[in-house]
Amino acid sequence: MRLSLSVERWPLANVFTIARGSKTEAVVVVAEIERDGVTGRGECVPYARYGETVEGVVAAIEAQRGVLEGGLGREALQSAMPAGAARNAVDCALWDLEAKRAGKPAWQLAGLTAPQPVITAYTISLAEPEAMGEAAAKAAHRPLLKVKLGTADDAARIAAVRRNAPHSQLIIDANEGWRADNLAANFRACADVGVVLIEQPLPSSDDGALADVERLVPVCADESLHDRASLRQLAGRYDAINIKLDKAGGLTEALALARDARALDLDLMIGCMVGTSLAMAPALLLGGQAKVIDLDGPLLLSRDREPGLHYEGNLVYPPEAGLWG
């Protein structure tokens, strides 16, 4: 087998802002693994919140070049590399390679039902209340909006979005930006406008407080969850988990994580970092198991890779073989 790596930069259509900062481009690492003339691809997005850099992810994959080119498989990969973006790119490339060599779709190899078109959330970036209201008005035709929050004045932002998108379902993502002293008030503001889910309201180090507060809206773990090792400590604090392949370290671990989460009666959300369709495609295999899908990364780019996923408004279709799997 032969491993190739590349770093790609994809400009965003607009500045993307969350509680931790802003970005104007998606910087991704693509792994390609070729065997006997067949090439599998996987894309990851290194994320600074978890101590990742593009250079570090490339170095981590390069460190495995010898064993990968020697034929390391997906199962052995799980112990050879830790969960994170680097393993995700390699794991998804191996899935793609296996599917192409077998002449079977990846969903069939994984023992899943065939993926169907699903509704994905569309993200409203964090800004001043008036600007967020204007963004919500432009997206008011979309059935599901994900609203980035995490400030001391989020009630005004919630109200502005709801006023301008009265018929959309709303998900709130605070990205660890709330604190225990404003948690109850923010929960009430969300409940008052019919928010259906709140992602990661508190810092992961402080989320024990969620066990002691009335959760007026279901709460989903994001930064507090990576792989199965972090799952059981979430019991009593969260009602759902956000599975992102870049956190879990690939589709292999994500499938196991979904199974174990369901056994604990936790609902599933399938999320993403901001990347291209190549990063979204493997995650779509989990769509049939999830209550919420948030795979809008390509919709936030000024252009996507070709071929890419097909979006009709908020409806995203399963990948064609030319993209992945």
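Residues numbered from 1 in each chain as written. Predicted model: local features only at pLDDT ≥ 70, side-chain atom pairs only at ≥ 80, totals over all residues. Heavy atoms only, no water.

**Q** Help me understand the pattern of salt bridges, please; the structure alone is not making it clear to me.
**A** For the structure on display, the rule yields 25 salt bridges. Arg305 is the partner of Glu43 in a salt bridge, and the nearest nitrogen-oxygen pair spans 2.9 Å. Pair noted here: Glu43 is in strand S3 (residues 38-44) and Arg305 is in the loop between strand S12 (292-293) and strand S13 (311-312), with a separation of 262 residues, a long-range link. Exposure remark for Arg305: the relative accessible area of 8% places this residue in the buried category. Note that Glu69 is salt-bridged to Arg65, the shortest N-O span being 2.9 Å. Of the two residues, Glu69 and Arg65 are both situated in helix H2 (residues 65-69); the distance of four residues between them amounts to about one turn of the helix. Classification of Glu69 as partly exposed rests on a relative accessible area of 29%. Here the salt bridges share partners, and the residues they tie into one network are Lys146, Lys148, Asp173, Glu199 and Asp294. (Salt bridge = Lys/Arg side-chain N within 4 Å of Asp/Glu carboxyl O. Helix = DSSP H or I, 4+ residues; strand = E, 2+ residues; numbered from the N terminus. Buried < 20%, exposed > 50% of the residue type's maximum accessible area, 1.4 Å probe, protein only.)

**Q** In this structure, what is going on with the sheet that holds strand S14 (residues 315-316)? I would like to understand it.
**A** Sheet strands pair by backbone hydrogen bonding; their relative direction is either parallel or antiparallel. Strand order in the open sheet formed by three strands is S4-S14-S13, with antiparallel pairing between adjacent strands. Strand pairing shows two members of the sheet lacking a second neighbour, strand S4 (118-119) and S13, which therefore form its edges. (Pairing = 2+ DSSP bridges.)

**Q** Would you mind going over the environment of Glu176 with me for this structure?
**A** With respect to the helices, strands and loops of the structure, Glu176 is situated in the loop between strand S7 (169-173) and helix H8 (180-192). Look at Glu176 and you get buried, because its relative accessible area is 10%. Remark: the alpha-carbon pair of Glu176 and Leu145, spanning 31 residues in sequence, is separated by 19 Å.

**Q** I keep staring at the nonpolar core and nothing clicks. Help me out?
**A** Across soluble globular proteins, nonpolar side chains have a tendency to be buried as a group. Judged by nonpolar contacts, the single largest core of 80 residues is most densely connected at Ile172, Trp178, Ile241, Ile243, Leu286 and Trp324. It is helix H10 (residues 251-263) that contributes the most residues to this core, six residues altogether. Residues in contact with Ile172, not counting those within four places in the same chain, are Val147, Leu149, Ile158, Trp178, Cys190, Val195, Leu197, Ile198 and Glu199. In this structure, Ala31, Ile33, Ile61 and Met81 belong to the second largest nonpolar core, which totals 20 residues. (Core = buried A, V, L, I, M, F, W, Y, C linked by side-chain atoms within 4.5 Å. Contact = heavy atoms within 4.5 Å.)

**Q** How do you make sense of the packing of aromatic side chains when you look at a structure like this?
**A** We describe a pair of aromatic rings using the distance from one ring centre to the other and the angle between the two ring planes. Scanning all chains against the criterion turns up two aromatic pairs. Here Tyr47 and Tyr50 contribute two aromatic rings whose centre-to-centre distance is 5.4 Å and whose plane-to-plane angle is 50 degrees, an arrangement assigned as tilted. Given a relative accessible area of 19%, Tyr47 falls into the buried group. A cation sits over an aromatic face here: Arg74 above Trp95, 3.6 Å from the ring centre. When the ring centre of Tyr122 is taken as reference, the NZ or CZ atom of Arg142 above it lies at 4.1 Å. (Phe/Tyr/Trp six-rings, centres within 6.5 Å; stacked < 30°, edge-to-face > 60°. Lys NZ or Arg CZ within 6 Å of the ring centre and 35° of its normal.)

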